[in-house]
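Below, each chain spelled out in residue letters.
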Amino acid sequence: MAITRDDVLKALAGVTVDAAGTSLPASGRLSEIVIDPSGRVVFSIGIAPPEAKTFEAVRQAAEIAVLRLPGVKAALASLTAERGPGAGPAPRPAAPGGGPQGGPRPGPALPGVRHIVAVASGKGGVGKSTTACNLALALRAQGLKVGLLDADIYGPSVPKLFGLDRKPETINTPQGQRIVPLNGYGLAVMSIGFLIAADTAMIWRGPMVQSALTQLLREVAWGELDVLIVDMPPGTGDAQLTLAQATPLAGAVIVSTPQDLALIDARRAVTMFRRVEVPILGVVENMATFVCPHCGGTSHIFGHGGARHEAETLGVPFLGEVPLNMTIRESSDSGRPVVAVDPDGPQAAAYRAIAAALWANLSGGAGPRPAPRIVIE
Ligand SMILES: Nc1ncnc2c1ncn2[C@@H]1O[C@H](COP(=O)(O)OP(=O)(O)O)[C@@H](O)[C@H]1O
Ligand SMILES: [Mg+2]
């Protein structure tokens, strides 16, 4: 028999949120409840950030209550500090070194992860995932410990880029159950695509997306990482904004092609990150130059230099450019990223230069914000 929203609410009525015995459904903290046909129930519990610690027990109790329902295969509850309709940004815990005006603050830091870097673009199809994955591999080639989180919930591409389609394992840790990332050419790799069917996330609305992403970020055993690269969903809508706010980002890298339209979107992305006080670590121009594989002649199919110029106009660093190249496309499409399979080739060199510039911005002091030392247990 299909699970209904009422079944879930009834199960959650036994979970109390305070000493007065207020039930979770009565507390007004529940998000919408998404029940997918495979028996997976997803919802989130709204909290103010300082409540994270006390509400962890509620979150776990809620998952257990729902899991007990017949027909439920998995229950996924997460704590979210989100904005209500029309309300301002959710209150955030004070971050040492944060904005003096008490502006938007990052979520709690990820223990063991030094820098979280979002790779974003104003629009899809500009090569964001290709850049994120090869950039991560190029950082690793520098001797850094690197993770890659595919947060593009509507179009996860990391499973294909790395040729990975195994289900990750889970382990029990003192902090609770954790998902073990897969190993992709030496990177710790996690994608929503490893966990759910391709069409499931398409129907999720904003809060669900955020809830799933929070879990991907926090309930994965990332281990010790110098850098965690996050392949963000494309666009500059609410989902991206919330994600940028909820993640303790060191900064963002914006990928753009040289066309005017892509640049306008890239500008929007820069504006969005600035609004939430996430530093822009730099702009990458992708598909910049086409080198003809036959004659070696170069041409600029989408124009050239637009992103560099735009970066200058916006006053953000320009990290470098990646040529439009068949090897990059073919290697991506076959699950063998170019930096991993041809580390000394010209394409890898472009990514390595970008990685070096990014790392200089990250470790140079100007880039990362000090993350607040709050650990959810
Ligand atoms: N520099 C490049 N040269 C050739 N093909 C590229 C390049 N960058 C990306 N692509 C190809 O363009 C397509 C879209 O790239 P993708 O990284 O999936 O974009 P996004 O994540 O922005 O949607 C893919 O087929 C990818 O292989
Ligand atoms: Mg993508």
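Before going into details, it helps to say that this report is about the structure given with it. Being a predicted model, the structure only gives us computed values, none of them experimental.

Examining the sheet that holds strand 3 (residues 74-80)
Next up, step 1: Strand order in this open sheet of three strands is 1-2-3, and the pairing throughout is mixed. Strands with a single pairing partner mark the edges of an open sheet, and in this sheet they are strand 1 (34-36) and strand 3. Averaged over all adjacent pairs, the angle separating strand axes in this sheet is 15°, with direction ignored.
Next up, step 2: Each of strand 2 (40-46) and strand 3 touches helix 2 (residues 52-67); the most contacted strand, strand 3, lies at about 160° to it.

A word on the layout of surface pockets
Next up, step 1: Space inside the second largest pocket adds up to approximately 490 Å³.
Next up, step 2: Contributing to the lining of the second largest pocket are 24 residues, with Gly125, Gly127, Thr130, Met287 and Arg329 lying nearest its centre.
Next up, step 3: Its residues placed into classes, the lining of the second largest pocket shows 10 nonpolar, nine polar and five charged.

A short note on empty space enclosed by the protein
Next up, step 1: Applying the stated criterion across every chain yields a total of two cavities of 30 Å³ or more.
Next up, step 2: Size it by volume and the largest cavity reaches roughly 50 Å³.
Next up, step 3: Along its surface, the largest cavity is lined by Ala118, Leu149, Leu213, Leu217, Val230, Met232, Leu243, Thr247 and Leu249.
Next up, step 4: Looking at the lining of the largest cavity, its residues break down into eight nonpolar, one polar and no charged.

As for unusual backbone geometry
Next up, step 1: You will see that Tyr185, though not glycine, has its phi angle at about 50°, which is positive.
Next up, step 2: Residue position: Tyr185 is located in the loop between strand 8 (182-184) and strand 9 (187-191).
Next up, step 3: One non-glycine residue with positive phi stands out, namely Glu277, at about 60°.
Next up, step 4: Note on placement: Glu277 falls in the loop between helix 7 (260-275) and strand 12 (280-291).
Next up, step 5: We classify Glu277 as partly exposed; its relative accessible area is 35%.

Let's talk about the pairing of strand 10 (residues 225-231)
Next up, step 1: Within strand 10, seven of the seven residues are buried, which leaves it mostly tucked inside the rest of the structure.
Next up, step 2: The pairing of strand 4 (residues 113-120) with strand 10 spans six bridges and is classified as parallel. When the sheet's bridge partners are listed, Val119 is paired in strand 10 with Asp231.
Next up, step 3: Pairing analysis gives five bridges linking strand 5 (residues 146-150) to strand 10, with the strands arranged parallel. Bridge pairing in strand 10 places Val146 opposite Val227.

Thoughts on the side chain of Asp265
Next up, step 1: Secondary-structure assignment places Asp265 in helix 7.
Next up, step 2: On the basis of relative accessible area, Asp265 is assigned to the buried category, the value being 16%.
Next up, step 3: Within the structure, the side chain of Asp265 is placed 2.9 Å from the side chain of Arg268, a separation counted as a polar contact.
Next up, step 4: Those residues in contact with Asp265 that lie beyond four places of it in its chain are Gly122 and Lys123.

With respect to the environment of Tyr154
Next up, step 1: Note that Tyr154 resides in the loop between strand 5 and helix 4 (158-161).
Next up, step 2: Exposure remark for Tyr154: the relative accessible area of 35% places this residue in the partly exposed category.

Description of the side chain of Thr130
Next up, step 1: Mapped onto the elements, Thr130 comes out in helix 3 (residues 128-141).
Next up, step 2: Judged by relative accessible area, which is 17%, Thr130 ranks as buried.
Next up, step 3: Residues within four places of Thr130 in sequence aside, it is in contact with Leu161, Ile328, Ser332 and Tyr351.

Regarding the site of ligand 1
Next up, step 1: Taken together, 17 residues lie near ligand 1, and Gly125, Lys128, Ser129, Thr130 and Pro323 sit nearest.
Next up, step 2: Take Gly127: an N or O atom from its main chain is 3.0 Å from an oxygen atom of ligand 1.
Next up, step 3: Take Thr130: an N or O atom from its side chain is 2.5 Å from an oxygen atom of ligand 1.
Next up, step 4: Within the complex, the protein chains bury 84% of what would otherwise be the 560 Å² of accessible surface of ligand 1.
Next up, step 5: Given that more than half its atoms are within 2 Å of the pocket grid, ligand 1 belongs to the second largest pocket.
Next up, step 6: Contributing elements (two or more residues each) for the shell around ligand 1: helix 3, strand 12, strand 14 (318-324) and helix 9 (326-333).
Next up, step 7: Counting residues per element, the shell around ligand 1 draws most heavily on helix 9, which supplies four residues.
Next up, step 8: A per-class count over the shell around ligand 1 returns six nonpolar, eight polar and three charged.

Reading the values: the criteria
- Residues numbered from 1 in each chain as written.
- Chains lettered and ligands numbered in written order.
- Predicted model: local features only at pLDDT ≥ 70, side-chain atom pairs only at ≥ 80, totals over all residues.
- Heavy atoms only, no water.
- Pairing = 2+ DSSP bridges.
- Helix = DSSP H or I, 4+ residues; strand = E, 2+ residues; numbered from the N terminus.
- Axes fitted to C-alpha atoms, helices over the stretch in contact; angles between N-to-C directions.
- Contact = heavy atoms within 4.5 Å.
- 1 Å grid on protein atoms, 1.4 Å probe; cavity = no way out; pocket = protein on both sides within 12 Å on 5 of 7 lines; lining within 4 Å.
- Points joined across faces, edges and corners; volume = space filled by probe spheres on them.
- Nonpolar A, V, L, I, M, F, W, Y, C, P; charged D, E, K, R; others polar.
- Buried < 20%, exposed > 50% of the residue type's maximum accessible area, 1.4 Å probe, protein only.
- Polar contact = N/O pair within 3.5 Å; in protein donor to acceptor, adjacent residues only side chain to side chain.
- Near = heavy atom within 4 Å.
- Areas by Shrake-Rupley, 256 points an atom, 1.4 Å probe, with all protein chains shown as cover.
- Sits in = over half its atoms within 2 Å of the grid points.

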